[in-house]
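In case you want the letters, here they are:
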Amino acid sequence: MRFGLSFLPDCTPETKSPQTYFSDALELSVRAEAGGLDSVKMTEHYLHHYGGYCPSPLGFLSAVAARTSSVRLMTGCVLPVFHHPIQLAAEAAQVDAISGGRLDVGFARAYLPDEFDALGVEMDESTDRFRETIRAVRRIWTEEKVSEQTPFFSYRDVTGLPRPTQRPHPPMWGAAVRTPENFAWLGTEGLGLLITPMISPHEFRDHLTLYRDAFQATHGGSGLRPRVTASLPLVVAETDERAEEIATTYLRRYLDVWAEAVNPWDRRESSAYRGYSGFGWMLRGLQPAKLFTEGGAIVGSPATVIDRIRAFNNHIGGVDEILWQIDFGAMPLAEAGQTLELFCDKVLPEVKSL
């Protein structure tokens, strides 16, 4: 199994300035590579304290590329519904070149109503926009003189530049959360699957089966294989009690910032987002300790964390990589760095063989 870091800024100006947040994230990325981790991932969002510090994961990953030499760089995710495919393909290929071919590109559909409203994109069109843009980006990377005619964009005889450093293109991933059709579509398209099983880890086993079955039905015998990466909060401390104390404080902050961003779902419905109405109410009522006990966060001493990683992997049916959120809730660098150090020194040697 592979391991890495997953970043999603959840800071207010009072808890961390943008300059401090990115300084801390870059420092943790350098330490992660030195400690033997494999990947660094960053997410795109707008307008809210939940993610809004980072409108450009590719910009952040360029800075990581300049400070590292081997760690993989993953968008987790870019939001193709808010981008033209020519722009997205070109900017990603540029980072692939800057990093010497270390980029993985993860795509997500987007789900925050305020982002759609402010950027003038219809939520009910998000599935079609998401799928058409991903397909178009792949064509721009792999073909010349590409033409497209869709309800969302059109062009003729386009040859994208720069060409990807990795051939035929950077590894492609897609995020899925709750909608079964999205898990199946990602498998059919041959993309890797990104999951964040923080809220309902027990639901994901069936969804992963759906993804893998669809992948095998379309790509069986091709040499390609389904790939699953999970992102989870992590706290490691010398004792379970200290780890739970840290996690409780900062998970509460994280959940409150997340709840603020999804508040519009308390009065919003969309046929493209079944089950999202009332999302904010659910987050506001969620107790951090429930995440430790049900597997939505991994918290404890090194020995406890080793056991909980094994239990999580067995319960969910096996993943290829786990990317850790270690700085959630605007956690100070010292505490996030302690988790990273203890994980790399005391946990990683015991779980790499899973």
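Just above, that's the structure.
It should be emphasised that the depicted structure is a prediction, and the values quoted were computed from it without experimental measurement.

1. Description of the overall build of the protein
Summing up its helical and strand segments, the protein has 12 helices and 11 strands in all. Here the C-alpha atoms of the protein give a radius of gyration of 19 Å, agreeing with the 20 Å that 2.2 N^0.38 yields for 354 residues. Looking at the protein as a whole, 57% of its 354 residues qualify as buried. Considering only intrachain contacts with a sequence separation of at least 6, the fraction spanning at least 24 residues in the protein is 75%. Carbon and sulfur atoms make up 49% of the accessible area of the protein, which totals about 14,200 Å². Where the 34 positive side-chain charges of the protein centre and where its 45 negative ones centre are 4 Å apart.

2. Let's talk about the nonpolar core
In terms of nonpolar packing, the biggest core is built from 122 residues, with Phe-3, Phe-60, Tyr-111, Trp-258, Ile-309, Trp-324 and Phe-343 touching the most fellow members. Leave out the neighbours within four places in its chain, and Phe-60 touches Phe-7, Phe-22, Ala-25, Leu-26, Ser-29, Val-40, Met-42 and Cys-54.

3. A word on the pairing of strand E4 (residues 103-107)
Within E4, 5 of the 5 residues are buried, which leaves it mostly tucked inside the rest of the structure. Residues Leu-103, Val-105 and Phe-107 line one face of E4 and the alternating positions Asp-104 and Gly-106 line the opposite face, and both faces are buried. For strand E3 (residues 72-78) and E4, the ladder comprises 4 bridges, and the chain directions are parallel. Of the residues in E4, the one forming a bridge with Met-74 is Asp-104.

4. Looking at the pattern of salt bridges
Applying the stated criterion across every chain yields a total of 18 salt bridges. The partner of Arg-31 in a salt bridge is Glu-27, and the shortest N-O contact between them spans 2.9 Å. Of this pair, Arg-31 and Glu-27 both sit in helix H1 (residues 18-34), 4 residues apart, roughly one helical turn. Arg-242 is the partner of Glu-335 in a salt bridge, and the nearest nitrogen-oxygen pair spans 3.3 Å. Of the two residues, Glu-335 is situated in helix H12 (residues 333-351) and Arg-242 in helix H8 (residues 240-262); the sequence distance between them amounts to 93 residues.

5. Describing the packing of helix H3 (residues 85-98) against helix H5 (residues 126-142)
Interhelical geometry of H3 versus H5 gives an angle of 55° and a closest axis separation of 9 Å. Between H3 and H5, the angle is such that the two are oblique. In terms of crossing hand, the pair formed by H3 and H5 is right-handed. Of H5, the residues touching H3 (which contributes Pro-85, Ile-86, Leu-88, Ala-89, Ala-92 and Ala-93) are Thr-133, Ala-136, Val-137, Ile-140 and Trp-141. Residue classes in the contact of H3 with H5 are distributed as 10 nonpolar, 1 polar and no charged.

6. Some words on the packing of aromatic side chains
If you walk through the whole model with that rule in mind, you get 25 aromatic pairs. For the pair Trp-265 and Tyr-273, a centre-to-centre distance of 5.6 Å together with 50° between the ring planes defines the contact as tilted. Of the two residues, Trp-265 and Tyr-273, both sit in the buried class. An angle of 40° between the planes, with centres 5.5 Å apart, marks the rings of Trp-265 and Tyr-276 as tilted. Here Trp-265 is found in the loop between H8 and helix H9 (279-285), whereas its partner Tyr-276 is found in the loop between H8 and H9, with 11 residues between them in sequence. Three or more aromatic residues joined by ring pairs make a cluster, and in this case those are Tyr-46, Tyr-50, Phe-82, Tyr-111, Phe-116, Tyr-254, Trp-258, Trp-265, Tyr-273, Tyr-276, Phe-279 and Phe-328. We note Arg-227 situated over the ring of Trp-173; from NZ or CZ to the ring centre the distance is 4.5 Å. Positioned above the aromatic ring of Trp-281, the side-chain terminus of Arg-284 is 4.6 Å from the ring centre.

7. Some thoughts on H8
The end-to-end C-alpha distance of H8, which contains 23 residues, comes to 31 Å, matching closely the 33 Å that a straight helix rising 1.5 Å per residue would cover. Burial in H8 covers these residues: Ala-243, Ile-246, Ala-247, Tyr-250, Leu-251, Tyr-254, Leu-255, Val-257, Trp-258, Ala-259, Ala-261 and Val-262.

8. Considering the environment of Tyr-211
Here Tyr-211 is to be found in helix H7 (residues 204-219). Residues Tyr-211 and Ala-176, spaced 35 residues apart in sequence, show a C-alpha to C-alpha distance of 9.9 Å. For Tyr-211, the contacting residues outside a window of four places in its chain are Phe-183, Leu-186, Gly-187, Leu-191, Gly-192, Leu-193, Pro-226, Arg-227 and Val-228. A polar side-chain atom of Tyr-211 sits 2.7 Å from the main-chain carbonyl oxygen of Leu-191.

9. Details of the packing of helix H2 (residues 57-67) against H3
Close contact between H2 and H3 brings their axes to 10 Å; oriented N to C, the two are set at 5°. The angle between H2 and H3 falls in the class roughly parallel. Facing H2, whose interface residues are Leu-58, Ser-62 and Ala-65, H3 presents Glu-91, Ala-92, Val-95 and Ile-98. Here the residues of the contact of H2 with H3 are counted per class, giving 5 nonpolar, 1 polar and 1 charged.

Rules used in this analysis
Residues numbered from 1 in each chain as written. Predicted model: local features only at pLDDT ≥ 70, side-chain atom pairs only at ≥ 80, totals over all residues. Heavy atoms only, no water. Helix = DSSP H or I, 4+ residues; strand = E, 2+ residues; numbered from the N terminus. Rg over C-alpha atoms; globule rule 2.2 N^0.38 Å. Buried < 20%, exposed > 50% of the residue type's maximum accessible area, 1.4 Å probe, protein only. Contact = heavy atoms within 4.5 Å. Areas by Shrake-Rupley, 256 points an atom, 1.4 Å probe, with all protein chains shown as cover. Lys, Arg positive; Asp, Glu negative; His and termini not counted. Charge placed at Lys NZ, Arg CZ, Asp CG, Glu CD. Core = buried A, V, L, I, M, F, W, Y, C linked by side-chain atoms within 4.5 Å. Pairing = 2+ DSSP bridges. Salt bridge = Lys/Arg side-chain N within 4 Å of Asp/Glu carboxyl O. Axes fitted to C-alpha atoms, helices over the stretch in contact; angles between N-to-C directions. Parallel < 35°, antiparallel > 145°, perpendicular 65-115°, else oblique. Left-handed = near helix turned anticlockwise from the far one by under 90°. Nonpolar A, V, L, I, M, F, W, Y, C, P; charged D, E, K, R; others polar. Phe/Tyr/Trp six-rings, centres within 6.5 Å; stacked < 30°, edge-to-face > 60°. Lys NZ or Arg CZ within 6 Å of the ring centre and 35° of its normal. Expected span 1.5 Å × (residues − 1). Polar contact = N/O pair within 3.5 Å; in protein donor to acceptor, adjacent residues only side chain to side chain.

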